[in-house]
Amino acid sequence: MTIHFYLRFSTQYGQAIYLSANTPAAGNEDTMLAMPLQYLNEEYWHGSLTIDDASAIDELQYKYILRGPAQEVIEWGDDRVVALSSQSATDRVMIDTWNHAGDPVNTFFTQAFQGVLLSSRSPVKAKLPKTYTHEFRVKAPLLAEDEVICITGSGKVLGEWQTEDVPVAVRTDNWWVIRLNLGREKFPLVYKYGVWNTATKLFTRFEGGNNRTLMGDTDKKTITIVHDGFAQLPAPSWKGAGVAIPVFSLRTKNGFGTGEFTDIRLLVDWARATGLKLVQLLPVNDTTALQGNGDSYPYAAISAFALHPLYLNLDKVAGKAHAAIVKPLKRKQKQLNDLATVDYEQVMRFKLGAIKELYKARKKEMQEDTAYFEFFELNRHWLVPYAAFCYLRDKYKTADFSQWKTNSLFDENNIQRLVAPAQKHYDSIAIHYFTQYQLHLQLKEATDYAHKKGIIVKGDLPIGIYRHSCDAWVSPELYNMDAQAGAPPDDFAVKGQNWGFPTYNWKRMQEDGFAWWRKRFEQMSNYFDAFRIDHILGFFRIWSIPLHAVEGIMGRFVPAIPVHINEFFEKGIAFDRFRYTKPYISDEVLHQLFGDAADDVREQFLELRHGMYHLKEDFETQRAVEAHFAAAGNVSEEEASLNERIKYGLFDLISNVILFEEPGSDGQQFHFRIAMEQTSSFHQLDGYAQEQLKALYVNYFFRRQDDFWFGEAMRKLPPLKRSTNMLICGEDLGMVPGCVAEVMHQLGILSLEIQRMPKQTGIEFFHPSAAPYLSVITPSTHDMSTIRGWWEEDRGKTQRFYNGILGHYGEAPYFCEPWINKEIVLQHLYAPAMWSVFQIQDILGCNEHLRRENPADERINQPADPKHFWCYRMHISLEDLLKETAFTAELQQYIVSSGR
C-alpha cells in the first residue's frame, strides 16, 4: 500500500514540513526520526510512504511537524487516524489541513468539553457506506442538538449546489465524516460545508469563507481522505461561569472543622442550581511537613501526587461496620466545625489519630480488595516512595531528609527493603497506602458526581515543589536545590516573594521527555477536567533567589542574557565592580535605615576597610543576619521590636546594590537588581551614570530577553500541553514579558484577566469588555482581597474606579454595597471571555443577607507574608446556601441572561 500525503501549508524560506507516524518510514512516532516532505507548490507539501504489509497495521496515526531555524512546531491533536486493514489492497491519498494549536475551536475538543460540557449531545444514528472513493472529514464541535454537518457543491454527487437533499455527515469521535463515490465526476470540484437540521429536515446555513476546491482524480485502487480542518462557522461564542474556593474552606453541617472531598457534592449541587458550569479548587496535595499551621499553605506539597489527609471524610471510611471508631470524636468534631476558621493543627491531630484506628480495623479487609491492589499497582511509582518518606519523616521528626540518620539519600533498593511487608514497622508504611486509596475514592466519587451534573472540576498546578518533599528526595537531579523560586516585587509584596522552592532543572527534565510532568498530568486527569498553571511565567523564566537570601528582592530572572562589562564602557559609565555589586553603605544611609540605632549597628555589624564601610563576614548575607537574631532567645518586648527593626534594616542594607555578578563570569557579566532606581546606591551616582544605567536596565528587563524567553517557553510548554487533554489555563500575572501573550496564543492556553491588574501599560484598571475570548476573567483571586475588601483599601482608587469603570457620577460609597458588588460581577459575566470565575465570597457579596459582616475576614492569602495561616472558611453552610432559593434563582437569571 502506498499512502500519499498532501498538506495545505504555506511555509517561509528556511522552513520545512515533516511527517511523524506509527510506521518505521516515518519514525514510529519518534519526532526526531520524522520523514521529510517535499515542497510541491505555494499551497502544498507532498510526500509518500509505502507499507509493505498493510495487514500488520490496523490503522495509521500521523501528524505534521514544522521545522525552521531554531524552531519546531508540532501540529495539535492526535486524531489523524486512518483505518488500513479494512481495504488493505487500496492506496490512500491524504489531503490535510494544518491544525494550529492556538485555534480557539481546539478548546472544545479537550476533556472538559468532550467529557462533560458537550458530552450529552446525542450521536447521529447513521451508518457510513462501505464503498466510496472520497471521505470528507471536518470538525464542528458546537452544533446544536438537532444539527449535523452536510456538504454541497459542483457536480452531480454534490448536488450542483442545491440544498434540498444534501449528503449529511456522521459524527465519529472528533470528526464529522461524509463518504461519497465521485468516480464519475470531473475534477476539480468546488464545494462547501453547511448545517442541516435533522428535526426540520431543512438546510439552515452555509459555512463562511471561500469555496473549497478538491483537485485530483479517481481510480479503483485509491481512496482519498480529505481532512478539511474546521467548518467555517461563526466564531465560537460559548461562555461559561464558575465558582472558586479551596476545599478546606467548604462548610457543611456535618463537617470536621474543614472542608472535605465529600463536601464537593453539595458545592456541585449549588453550582448546578445557579447555572455555574465550573468548580475551581486550590491544590489538594499533601503538605504535611512541619506538623503545624505552616502546613496549611497548599502550594508546599510534600508530594506532587499524594492527596492531603485533611480532606478525608472519616465517617465514609468507617461506614456502618466501624462507626464506633469515630463516634467518640463527635463532640470534638462539632466544636471544630462551629469555629469561624480552620483550626488546622487540631483537625489534623484528631483525623490522623482516627485514620490509625480505621487502618487497624480495615487492613485485613483491604488485603482482599482487588480494587485497592489495582490502585496500588497503577500508582506504585509515587505511592511507595511517598509512604517511605512519611515513615522516615515521622521517625526522625522532620521532613528535611538531609537531617535523617538513614536513607537521607534515596536508594531504590534500600527503600524496597524498608517497605517490605516482613518489616516490623510495615503498618507504619501501609497506613499511607490505605489513606491515599481512601482519599482517591472520595475525590473520584466527588468529581464523577460533578460530571454527571454537567459540571467540570478545575484543579491547580503549583509552579514549584517543596524543598523538603518526597519529589526532591527521590529525584534531586530534577531540581536546582541551591536556588529558591519566588517573584519580583509588586504592589502586593514590595520586597518580592520568596517561596523557598527549588527551581526546576529543565535541561535534565527534557532528557527523559518531561516524564515527571507527564506522570503529574496523568494523575491530575484522574480527577480534573481543567487546571490552572500557577505562575506560568516560570516556564519562560523563574525568579531565582540564592539560598543565602531571605527576601525576594535579592533574586533575578533565570535564565537571562546578562549585561557584558563592555556594555557599561560603551555607554561611557565609569564602571566600578565593587561599587556596583556590593552594598553601598554610608553614614547617611545608616541614619536613614537605623536612626538612633545607627551607632550600635556600626559597632556590631560593620567594619572599616580602606576608609569604607563593609559588613562583617558573619553578617554578609540575609540568612546570616536572620540566624543571628533567631538565636537571640527571649528578650523584652521593647528589645524584640528594636531587633526586628535592625534585622530588616540590615536586609535593606544587604540588598542596596545595583548589580548581581553572573557566577563563573570572572567579573565580565552582570544582572541588574530589580527596582535599581529605588536604591540609595543608585541615588548617589551622578546624573549621567544614572541615565545610562536606566537605559541598560530597560533594555535588560524589557527588550533583550524576549526572543530568548520565547524560545525557552516553546521548548517546555508544547510537549507538556501535548501530554494531556485537560483544558489548560495559565496564571500570567506579575511582571509579564512581551512574549508571553504570543506563546499562550500559539498554544491555545487560556490567559487570566483581573480587573485591578491590567496587562496594558498606562491604564489603572482593565475593563472586562476588553477580555480576549481565550481567557478566564475574575474580579479577585485567593492571593488578593475580595471585591468588598479591595473597595475599602484605597479611597482614591475606589473613586476613580467608581467613576471611570462603573460609569457613575459623584462620590463613591465608602463601603462596597451589594448593588456595587453585583455591578462588578455582572460586568464580568457579560465579558467576551470564555470563562468568568468568581470566588464564592464575591458571589455572596451581591446579597445583603448572605455576605459576611467583615470583608477583611474573607481574604484567603496574604502573599507578602510567607508565614500566613490559610484558614478561611465559608461563614454559611452549603446546606443553608442551597435553601436560599430566591438568591439562587436571581444568580441563575444573571448567568443565563449573560449567555453563560
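Above this text is the structure in question.
Residues numbered from 1 in each chain as written. Predicted model: local features only at pLDDT ≥ 70, side-chain atom pairs only at ≥ 80, totals over all residues. Heavy atoms only, no water.

A. Geometry of the packing of helix H2 (residues 264-274) against helix H28 (residues 885-897). Between H2 and H28, whose axes approach to 7 Å, the crossing angle comes to 60°. When the axis of H2 is compared with that of H28, the two are oblique. Contacts from Trp-270, Ala-273 and Thr-274 in H2 reach Phe-887, Thr-888, Leu-891, Gln-892 and Ile-895 in H28. A per-class count over the contact of H2 with H28 returns 5 nonpolar, 3 polar and no charged. (Axes fitted to C-alpha atoms, helices over the stretch in contact; angles between N-to-C directions. Helix = DSSP H or I, 4+ residues; strand = E, 2+ residues; numbered from the N terminus. Parallel < 35°, antiparallel > 145°, perpendicular 65-115°, else oblique. Contact = heavy atoms within 4.5 Å. Nonpolar A, V, L, I, M, F, W, Y, C, P; charged D, E, K, R; others polar.)

B. Looking closely at the sheet that holds strand S4 (residues 38-39). The sheet built from 8 strands is open, its strands ordered S4-S5-S1-S9-S17-S10-S13-S12 with mixed pairing. On the outer flanks of this sheet lie S4 and strand S12 (170-172), each paired with one strand and no other. Two elements, strand S1 (residues 2-8) and strand S5 (residues 44-50), share 7 bridges in a ladder whose sense is antiparallel. Bridge pairing links Ile-3 to Leu-49 in S5. (Pairing = 2+ DSSP bridges.)

C. Examining the pattern of salt bridges more closely. Applying the stated criterion across every chain, the model contains 47 salt bridges. Ionic pairing is found between Glu-365 and Arg-362, a salt bridge with its closest N-O pair at 2.7 Å. Of this pair, Glu-365 and Arg-362 both sit in helix H6 (residues 344-366), separated by 3 residues, roughly a single helical turn. Classification of Glu-365 as partly exposed rests on a relative accessible area of 36%. The exposure class of Arg-362 is buried, given its relative accessible area of 12%. Linked by salt bridges that have partners in common, Arg-8, Glu-207, Arg-212 and Asp-228 make up one network. (Salt bridge = Lys/Arg side-chain N within 4 Å of Asp/Glu carboxyl O. Buried < 20%, exposed > 50% of the residue type's maximum accessible area, 1.4 Å probe, protein only.)

D. Structural view of the packing of aromatic side chains. As enumerated under the stated definition, the model contains 67 aromatic pairs in all. Positioned above the aromatic ring of Trp-175 is the side chain of Lys-139, whose terminal nitrogen or guanidinium carbon lies 4.7 Å from the ring centre. We note Arg-541 situated over the ring of Trp-709; from NZ or CZ to the ring centre the distance is 5.2 Å. (Phe/Tyr/Trp six-rings, centres within 6.5 Å; stacked < 30°, edge-to-face > 60°. Lys NZ or Arg CZ within 6 Å of the ring centre and 35° of its normal.)

E. Expanded view of the sheet that holds strand S19 (residues 278-280). Across the sheet, which stays open at both edges, the 8 strands sit in the order S33-S25-S20-S19-S18-S36-S35-S34 with parallel pairing between neighbours. With one partner strand each, in any of the chains shown, strand S33 (727-730) and strand S34 (751-754) form the two edges of the open sheet. Taken pair by pair, the neighbouring strands of this sheet meet at an average axis angle of 25°, ignoring direction. Alignment of strand S18 (residues 240-244) against S19, held across 3 bridges, turns out to be parallel.

In short, geometric facts, not functional conclusions.
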